[in-house]
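# Results of the structural survey
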Amino acid sequence: MLLYCSKYASMGTDIKKEKFDTKKSIKRARALRNKKSLWAIRIRDKEYTWSNKIERVTLIRDRLPYEAIELLSARTELSIKEVLSIFDLPQTTYNKKKRENGLLSGRDSEVVLLLTELLDFGIEVFNNEKEKFNRWLKKPNYSLGGIKPETLFDTVTGIQEVKNALNRLEYGNMA
């Protein structure tokens with residue numbers, strides 16, 4: 001089955017028709033779905049990797065070092081203070097635990113891992129344009145009720161809602 005899509009129609013130029021091969025599109029979608037995702041973060045010269053939820057659970061149970069907060073700060077372009085507010089963690093406690101090479105709680109480790117997955121997905125949705133994605137995170141979003149996506153990073157449900165908004169955006173729905 002062949003469909004046609006019009007290109008350049010919104011630019012007011014002559015409309016050129018390209019053949020759209022649905023079989024090719026379906027094949028590409030299946031390949032993306034079957035692609036094994038692999039996430040990795042490097043903290044204290046140690047690499048933490050996971051490719052599925054069970055491996056994520058193992059990392060959550062083992063807990064991540066406090067330096068993961070600095071990693072999130074760099075990736076989200078939020079200050080350490082803003083990231084600490086996501087974890088409801090005082091600066092003094094953070095400094096002490098980091099100095100002692102302490103580990104985050106299981107809940108905080110889970111948030112770090114989920115945010116890592118979300119940030120990787122968001123950058124992919126924005127065609128590897130990190131600056132555009134970071135701007136999107138900081139702007140009120142209609143599909144999230146006018147809330148800035150980055151303000152939802154403090155809960156697992158909020159992170160999932162941001163991911164849902166990115167899914168809608170990726171597939172051309174309002175986000």
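In what follows, the structure referred to is the one given above.
Below you will find a few notes about this structure. (Residues numbered from 1 in each chain as written. Predicted model: local features only at pLDDT ≥ 70, side-chain atom pairs only at ≥ 80, totals over all residues. Heavy atoms only, no water.)

## Description of the overall build of the protein
The helix and strand tally for the protein stands at eight helices and four strands. Shown N-terminal to C-terminal, the secondary structure of the protein runs as helices and strands in the order β-β-α-β-β-α-α-α-α-α-α-α. In the protein, of all internal contacts separated by at least 6 residues, the share reaching a separation of at least 24 is 49%. Accessible surface computed for the protein: about 11500 Å², of which carbon and sulfur atoms make up 50%. (Helix = DSSP H or I, 4+ residues; strand = E, 2+ residues; numbered from the N terminus. Contact = heavy atoms within 4.5 Å. Areas by Shrake-Rupley, 256 points an atom, 1.4 Å probe, with all protein chains shown as cover.)

## A closer look at the packing of helix 7 (residues 130–138) against helix 8 (residues 156–170)
Axis angle and axis distance: for two packed helices, these are the angle between their axes and the distance between the axes, and together they describe the pair. Look at helix 7 against helix 8: their axes get within 12 Å of each other, and the N-to-C directions meet at 125°. Here helix 7 lies oblique to helix 8, going by the angle between them. The two elements helix 7 and helix 8 meet at a crossing, and its hand is right-handed. When helix 7 is examined against helix 8, the residues F133, W136 and L137 are found in contact with a partner set consisting of V162, A165, L166 and L169. Counted by class, the contact of helix 7 with helix 8 contains seven nonpolar, no polar and no charged residues. (Axes fitted to C-alpha atoms, helices over the stretch in contact; angles between N-to-C directions. Parallel < 35°, antiparallel > 145°, perpendicular 65-115°, else oblique. Left-handed = near helix turned anticlockwise from the far one by under 90°. Nonpolar A, V, L, I, M, F, W, Y, C, P; charged D, E, K, R; others polar.)

## Quick notes on the nonpolar core
Counting 41 residues, the largest nonpolar core has I69, F87, V162 and L166 as the members making the most contacts within it. Residue assignment for this core shows that the elements contributing at least two residues are strand 3 (39–43), strand 4 (46–50), helix 2 (53–62), helix 3 (68–76), helix 4 (80–86), helix 6 (106–125), helix 7 and helix 8. When residues of this core are assigned to their parent elements, the largest contribution, 10 residues, is made by helix 6. If sequence neighbours within four positions are ignored, L166 has contacts with L118, F121, G122, V125, F126, F133 and W136. (Core = buried A, V, L, I, M, F, W, Y, C linked by side-chain atoms within 4.5 Å. Buried < 20%, exposed > 50% of the residue type's maximum accessible area, 1.4 Å probe, protein only.)

The values reported here are purely geometric and, on their own, carry no functional implication.
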